[in-house]
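# Structure assessment
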Amino acid sequence: MSASFLEEFAVGFTISLVWLTIHVISTYRRANTPGRLIAVSLTFSAVALYLLTSVPYESVSSSLISLMYFLALAPLVATPLLLKITASTSNEFDITVFQEADSVSDSE
Amino acid sequence: MDAPFLRVAGGVLVLVSISWNRMGPSDFRYRMALVIAAIGILLAIGRDVFSPSDFYGRFSGDDASTDMGVILLHFFIWALLLVIGSMLTIRGSRVYGSISPATLFSGWLLVISSISVAMFFRPGADLLDPMRGVFSIWDALSAAPIVLGIISGLIAAVAIVAWSEYSEPPLPPTPGLDDDERLHVRKIVEDHLGGVN
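Here's a quick rundown of the structure.

What counts, and where the lines are drawn
- Residues numbered from 1 in each chain as written.
- Chains lettered and ligands numbered in written order.
- Predicted model: local features only at pLDDT ≥ 70, side-chain atom pairs only at ≥ 80, totals over all residues.
- Heavy atoms only, no water.
- Helix = DSSP H or I, 4+ residues; strand = E, 2+ residues; numbered from the N terminus.
- Buried < 20%, exposed > 50% of the residue type's maximum accessible area, 1.4 Å probe, protein only.
- Areas by Shrake-Rupley, 256 points an atom, 1.4 Å probe, with all protein chains shown as cover.
- Core = buried A, V, L, I, M, F, W, Y, C linked by side-chain atoms within 4.5 Å.
- Contact = heavy atoms within 4.5 Å.
- Salt bridge = Lys/Arg side-chain N within 4 Å of Asp/Glu carboxyl O.
- 1 Å grid on protein atoms, 1.4 Å probe; cavity = no way out; pocket = protein on both sides within 12 Å on 5 of 7 lines; lining within 4 Å.
- Points joined across faces, edges and corners; volume = space filled by probe spheres on them.

Let us now look at the overall build of chain A. In terms of helices and strands, chain A carries 5 helices and 0 strands. Moving toward the C terminus, one meets the helices and strands of chain A in the order α-α-α-α-α. Across the 108 residues of chain A, 37% fall into the buried class. Summed over all atoms, the accessible surface of chain A reaches about 6500 Å², with 69% contributed by carbon and sulfur.

Turning our attention to the nonpolar core. In this structure, Met-68 of chain A together with Ile-45, Leu-72, Phe-76, Trp-78 and Val-111 of chain B are the most contacted members of the largest nonpolar core, which totals 29 residues. Looking at which element gives the most residues to this core, the answer is helix 4 (residues 68–92) of chain B, with 10 residues. With near-sequence residues (within four places) excluded, Met-68 of chain A lies in contact with Met-68, Ile-71, Leu-72 and Phe-75 of chain B. Ile-38, Val-40 and Ala-48 of chain A together with Ala-157 of chain B belong to the second largest nonpolar core, which has 10 residues in total.

Attention shifts here to the pattern of salt bridges. Applying the stated criterion to the full structure yields 5 salt bridges over all chains. Note that Arg-29 of chain A is salt-bridged to Asp-27 of chain B, the shortest N-O span being 3.4 Å. On the criterion of chain membership, the pair formed by Arg-29 of chain A in the loop between helix 1 (5–26) and helix 2 (35–52) and Asp-27 of chain B in the loop between helix 1 (3–21) and helix 2 (28–49) is interchain, its members lying in two chains. For Arg-29 of chain A, a relative accessible area of 31% corresponds to the partly exposed category. Residue classification places Asp-27 of chain B among the buried residues on the basis of a relative accessible area of 12%. One salt bridge connects Glu-190 of chain B with Arg-186 of chain B, and the closest N-O pair in it is separated by 3.2 Å. With a gap of 4 residues between them, Glu-190 of chain B and Arg-186 of chain B both fall in helix 8 (residues 179–193), about one helical turn apart.

Counting across every chain of the model gives 2 cavities of 30 Å³ or more. For the largest cavity, the calculated volume is near 40 Å³. Met-68 and Tyr-69 of chain A together with Ile-71, His-74, Phe-75, Trp-78 and Arg-122 of chain B together form the lining of the largest cavity. Listing elements by their share of the lining of the largest cavity, those giving two or more residues are helix 3 (57–71) of chain A together with helix 4 of chain B. Examining the composition of the lining of the largest cavity, we find that 4 residues originate from one element, helix 4 of chain B, more than from any other.

Structure (structure tokens):
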């Protein structure tokens, strides 16, 4: 069973909001994570999940399957970046580069 | 517990592990990220991998492309190959020190394997026939609505974060380090520089 445009859109929208909530709660640091952020992201996620309950299970499942099919493009997208890193001749984290930069700043 | 519940729980744990992995080595949660990721992956695909039924039959069956357990396992296989391959490629390149041909070669081998699994060896009747089980860009484009939904959700998430950051009252300036703290920081920096003068 294939899902309608709106059902698939709702699944994607909910995934992003739930991911935000999971990230905010799991990385919580006292006096560092804004309380309003937790409250708003929880509220939005709860509303999105509530709306998603009206979408049939088969539609959610088929949406997730098409998402995973689409994500199979990821290795192809990553390849040019990895090629660039492989071909790169710069050595940004070499200790001698740090030492040279240090001596330049000392002489200044 | 039924399979969908386990898969959702596993997916949540994988997302938690990604967030914890971004917290930096000083946080305890950073060290637990890999363990949580392993538990999450086990929950998401364990039931299908360790099931007594004929898993290969499910992988190469006619309805494999609609079997969530099979699709999820296929996804984890190429994603794992891509993650490990990318890490090895970056480690073996000149960016993080001297170039290591063996590490680079292993990394690229895994990345190419990931592309092969993702693009050619797809679940279905043509599982072991790479010329027939090839990835279709038109089928991938059928995921456009869910991708648009994810992008819209991300825009909403950024708006929520920006609003909450700007609406919070600014924190008072942090007091400077005292002598003990200054010595402590100096010792950590010196230890990490390894005696470089």
